[in-house]
Amino acid sequence: MVFFGSKVSKILDRQINNVNCPNCENQTSMTYSLFGEYAHIYWIPLFPLGRKNIVECNSCKRVFKIIELPESIKQKVRRERENAKTPLWYYSGLVIFIIGISYGAWTSGKNKEDNSAYIKTPKIGDVYSIEG
């Protein structure tokens, strides 16, 4: 059973129109996909690990890495990539962890306050033990 690891999910899927494919040399559109990778524990995302870009020609269906593309297409991809934000749910595990730590610290402090209040105002029938 896997308790930790990494997973990839699609962040963005857009069309880039009126470009020349370096493979088939047709004027066509290309599909740009941005994938985000995140670390998880028990399938709860902790934090993002990185992004992966893929561009696919809609005519010949060849998949390109960004470095394989001409500069004109790279510029269009960069504009799309700059607008893409990392989803907030990639940090949900960290938020849960921070809330748990904060709750533990708060209850520990509250317990100390309650104990000192009980010691300052003893009642009949209270039993106290002192460890030395």
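Scroll up for the structure.
Everything numeric here is computed off the predicted structure, so don't read it as measured data. (Residues numbered from 1 in each chain as written. Predicted model: local features only at pLDDT ≥ 70, side-chain atom pairs only at ≥ 80, totals over all residues. Heavy atoms only, no water.)

## Overview of the pairing of strand β2 (residues 27-41)
Point 1. Extensive coverage of β2 is indicated by the burial of twelve of its 15 residues.
Point 2. Taking the residues that link successive antiparallel strands as the turn, the strand β1 (residues 4-20)-β2 hairpin has six residues, and the phi of E25 there is positive, at about 60°.
Point 3. With twelve bridges connecting them, β2 and strand β3 (residues 44-57) associate as antiparallel partners. Across the sheet, the residue bridging to T31 is E56, located in β3.
Point 4. What sits between β2 and β3 in their antiparallel hairpin is a turn of two residues, with Y42 showing a positive phi close to 50°. (Buried < 20%, exposed > 50% of the residue type's maximum accessible area, 1.4 Å probe, protein only. Helix = DSSP H or I, 4+ residues; strand = E, 2+ residues; numbered from the N terminus. Pairing = 2+ DSSP bridges.)

## Some points on the packing of aromatic side chains
Point 1. A full pass over the atoms with the stated rule returns six aromatic pairs.
Point 2. Note on F3 and Y42: the rings are 4.8 Å apart at their centroids and 50° apart in plane angle, and the pair reads as tilted. Here the residue F3 occupies a position in the segment before β1, and Y42 occupies one in the loop between β2 and β3, the gap between them amounting to 39 residues.
Point 3. The exposure class of F3 is partly exposed, given its relative accessible area of 34%.
Point 4. When its relative accessible area of 48% is taken as the criterion, Y42 is described as partly exposed.
Point 5. Through a chain of ring-to-ring contacts, the aromatic side chains of F3, Y42 and W43 assemble into a single cluster. (Phe/Tyr/Trp six-rings, centres within 6.5 Å; stacked < 30°, edge-to-face > 60°.)

## Considering the sheet that holds β1
Within a sheet, each strand pairs with its neighbour through backbone hydrogen bonds, oriented either parallel or antiparallel.
Point 1. Within the open sheet, the four strands sit side by side as β1-β2-β3-β4. Their pairing is antiparallel. Looking at strand neighbours, the two that pair on one side only are β1 and β4 (63-64), the edges of this open sheet.
Point 2. With two bridges connecting them, β3 and β4 associate as antiparallel partners. Counted as the bridge partner of V55 is F64 from β4.
Point 3. Seen against the sheet, helix α1 (residues 71-83) touches β1, β2 and β3 and runs at an angle of roughly 130° to β1. (Contact = heavy atoms within 4.5 Å. Axes fitted to C-alpha atoms, helices over the stretch in contact; angles between N-to-C directions.)

## Topic: the nonpolar core
Point 1. Among the nonpolar cores identified, the biggest contains 15 residues, and M30, Y32, V55, L69 and V77 are the most heavily contacted of them.
Point 2. When residues of this core are traced back to their parent elements, those giving at least two are β1, β2, β3 and α1.
Point 3. In contact with V77, other than residues within four places in its own chain, are I16, Y32, V55 and I66. (Core = buried A, V, L, I, M, F, W, Y, C linked by side-chain atoms within 4.5 Å.)

## Thoughts on α1
Point 1. An ideal rise of 1.5 Å per residue puts 18 Å on 13 residues; α1 measures up with 19 Å between its terminal C-alpha atoms.
Point 2. If you check which residues of α1 are buried, you get I73, K74, V77 and E80. Viewed end-on, α1 has its buried residues packed into an arc of 125°, placing them on one side of the element. Turned more than 90 degrees away from the buried face of α1, the exposed residues are R79, E82 and N83. (Expected span 1.5 Å × (residues − 1). Arc of directions from axis to C-beta.)

## Description of the pattern of salt bridges
Opposite charge on two side chains permits them to pair, given that their charged atoms come into close proximity.
Point 1. Across all of its chains, the model carries six salt bridges by this definition.
Point 2. A salt bridge links E37 to K52; the nearest nitrogen and oxygen atoms lie 3.7 Å apart. Within this pair, whereas E37 is found in strand β2, its partner K52 is found in strand β3, the two being separated by 15 residues in sequence.
Point 3. E68 is the salt-bridge partner of R62, the closest N and O atoms lying 3.9 Å from each other.
Point 4. Overall, R62 belongs to the partly exposed group, its relative accessible area being 34%. (Salt bridge = Lys/Arg side-chain N within 4 Å of Asp/Glu carboxyl O.)

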